[in-house]
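Letter by letter, the chains look like this.
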Amino acid sequence: MKKACFTAAAILFLSAAAAVTPPEAESSGDKLSIFVSIPPQKHFVEQIAGDRVDVRVMVEPGSHPATYEPAARQMAALSECELYFAVGVPFEKAWMEKIMTANPGLRVVHTDAWIEKQPVERESHNGHDHGTSDPHTWLSPPMVMVQARHILTALTAADPENADLYNSRYKDFISETVELDEKLRGLFPAGDKKHEFMVFHPAWGYFADAYGLKQTAVETEGKSPKAAEIGRIVEHAEKKDIRVVLVQPQISARTAEMIAAEIDGEIIKADPLAENWAENLLEVAEIISRASR
């Protein structure tokens, strides 16, 4: 049923686009100057806009969206930017007002609009701990389709002369996203056992929901567990035969390494901020699939 619903949604998104012209259709005018919050968004925008845009990323590689502070050169560049694609990461709340002050004419597009956010959730082994809203919507291909629609709408409004080009590339990107979704579902067939995986930072909740998985996180609300909680996490991992802990490169893996040693497991890096979005999701899915067999 989930597969059928997703296919129907894909058709709806595709049919909503305007009439399509060939991708090689000639474009005109200067490039749009665009800022995005994180690297995956750069991929989404460039897939839809091609070389019609100049895209810069606010949270640079190696940085974390929860603690990032824009550099002076970025604030200067923002003063001449036309579009900003927000995605709901924490630093936006602290800096968006300052960004708007630097460029009152900047159009901010909230690509996570229409998406129902979930609380960051971690298995506490005595129930569940609920924290703030999870911003990692870009790790769910169905939710990326919604974000792509917002990107398309903003691009065509800012540059109507190239609307046909944007629509054509948008259609291709949606088709590729549907194909990616099918591949991911193939790794976790419906009716199969529910794969459970352990992560340090709870970034993969929407991904887990999309493919019938279960995420168990070590960290909650940005805090590492205390000694007693580590013991419960180790006990849970041994009970569920979890031998892999996924960590992201932007966060210290010291506690995860301690847990991995206790369960005779291993640490594997999985970057939720990787720009090579489709390849990254497939790689992480294959890691989870192999680890939970």
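Every value quoted in this text rests on a predicted model; they were computed, and no experiment measured them.

Trainee: Please explain the overall build of the protein chain as it appears in this structure.
Mentor: Looking only at helices and strands, one finds 10 helices and 10 strands in the protein chain. In the protein chain, of all internal contacts separated by at least 6 residues, the share reaching a separation of at least 24 is 65%. On the protein chain, roughly 13900 Å² of surface is accessible, and the fraction owed to carbon and sulfur atoms is 51%.

Trainee: Honestly, the packing of helix α2 (residues 39-49) against helix α5 (residues 141-158) in this entry has me stumped. Any pointers?
Mentor: Each pair of packed helices can be summarised by the angle the axes make with each other and by the distance between the axes. The geometry of α2 relative to α5 is characterised by a closest axis approach of 10 Å and an angle of 55° between their N-to-C directions. The orientation of α2 relative to α5 falls into the category oblique. Considering only the axes of α2 and α5, their crossing is right-handed. Between α2 and α5, the residues in contact are Phe 44, Val 45, Ile 48 and Ala 49 and Val 144, Gln 147, Ala 148, Ile 151, Leu 152 and Leu 155, respectively. Partitioning the contact of α2 with α5 into residue classes produces 9 nonpolar, 1 polar and no charged.

Trainee: Would you mind going over the sheet that holds strand β7 (residues 196-199) with me for this structure?
Mentor: Sheets are built from strands paired through backbone hydrogen bonds, the pairs being either parallel or antiparallel. Within the open sheet, the 4 strands sit side by side as β8-β7-β9-β10. Their pairing is parallel. Strand pairing shows two members of the sheet lacking a second neighbour, β8 (214-217) and β10 (266-269), which therefore form its edges. Direction aside, the axes of adjacent strands within the sheet are offset by 35° on average. Where strand β9 (residues 244-247) meets β10, 4 bridges bridge the pair, whose relative direction is parallel. If you follow Val 247 over to β10, its bridge partner there is Lys 269. Contacts between helix α10 (residues 277-291) and the sheet are confined to β7, β9 and β10, with β9 contributing the most and set at about 165° to the helix.

Trainee: What am I meant to see in the pairing of strand β1 (residues 32-36) here?
Mentor: Buried residues dominate β1, accounting for 5 of its 5 residues. Across the two faces of β1 the burial is the same, with Leu 32, Ile 34 and Val 36 and Ser 33 and Phe 35 all buried. As judged from the 5 bridges shared by β1 and strand β2 (residues 53-57), these two strands associate in the parallel manner. Counted as the bridge partner of Val 36 is Val 57 from β2. In this fold, β1 hands off to α2, which returns the chain to β2; that crossover is right-handed. Where β1 and strand β3 (residues 83-86) come together, 3 bridges link them in parallel fashion. Opposite Val 36, over in β3, you have Phe 85 as the bridge partner.

Trainee: I keep staring at the packing of aromatic side chains and nothing clicks. Help me out?
Mentor: Counting across every chain of the model gives 6 aromatic pairs. Aromatic pair Tyr 68 and Phe 91: ring centres 6.0 Å apart, planes at 85°, arrangement edge-to-face. Of the two residues, Tyr 68 is situated in the loop between β2 and α3 (72-78) and Phe 91 in helix α4 (residues 90-102); the sequence distance between them amounts to 23 residues. In terms of burial, Tyr 68 and Phe 91 fall into one category: buried. Grouping aromatic residues by their ring pairs yields a cluster made of Phe 44, Phe 173 and Trp 277. The lysine or arginine in question, Lys 98, covers the ring of Trp 95, its NZ or CZ lying 4.4 Å from the ring centre.

Trainee: Please clarify how unusual backbone geometry should be interpreted in this entry.
Mentor: Residue Asp 241 is not a glycine yet carries a positive backbone phi of 55°. Note that Asp 241 resides in the loop between α8 (227-239) and β9. Asp 241 sits in the partly exposed class, given a relative accessible area of 48%. In the Ramachandran plot, Asp 264 falls in the positive-phi region, its phi being about 55° despite a non-glycine side chain.

Trainee: Is there a simple way to explain the sheet that holds β2 in this structure?
Mentor: Spatial strand order, β2-β1-β3-β4: 4 strands in an open sheet with parallel pairing. If you trace the sheet from one side to the other, it starts and ends with β2 and β4 (107-110), each paired once. Direction aside, neighbouring strands of the sheet carry axes that sit 25° apart on average.

Trainee: Just checking my understanding: could you explain helix α9 (residues 254-262) for this structure?
Mentor: Helical geometry: 3.6 residues make up each α-helical turn, so side chains three or four residues apart lie on a common side. Of the positions making up α9, those classed as buried are Thr 255, Ala 256, Ile 259 and Ala 260. Here the buried residues of α9 occupy an arc of 140° about the axis, which is enough to place them on one side. In α9, the exposed residues that point more than 90 degrees away from the buried face are Arg 254, Ala 261 and Glu 262. For α9, the secondary structure elements touched by its buried residues are β7, α8, β9 and β10. Among the residues trailing α9, Asp 264 stands out with phi positive, at a value near 55°.

Quick notes on the rules
- Residues numbered from 1 in each chain as written.
- Predicted model: local features only at pLDDT ≥ 70, side-chain atom pairs only at ≥ 80, totals over all residues.
- Heavy atoms only, no water.
- Helix = DSSP H or I, 4+ residues; strand = E, 2+ residues; numbered from the N terminus.
- Contact = heavy atoms within 4.5 Å.
- Areas by Shrake-Rupley, 256 points an atom, 1.4 Å probe, with all protein chains shown as cover.
- Axes fitted to C-alpha atoms, helices over the stretch in contact; angles between N-to-C directions.
- Parallel < 35°, antiparallel > 145°, perpendicular 65-115°, else oblique.
- Left-handed = near helix turned anticlockwise from the far one by under 90°.
- Nonpolar A, V, L, I, M, F, W, Y, C, P; charged D, E, K, R; others polar.
- Pairing = 2+ DSSP bridges.
- Buried < 20%, exposed > 50% of the residue type's maximum accessible area, 1.4 Å probe, protein only.
- Right-handed = clockwise from strand over helix to strand, strands pointing away.
- Phe/Tyr/Trp six-rings, centres within 6.5 Å; stacked < 30°, edge-to-face > 60°.
- Lys NZ or Arg CZ within 6 Å of the ring centre and 35° of its normal.
- Arc of directions from axis to C-beta.

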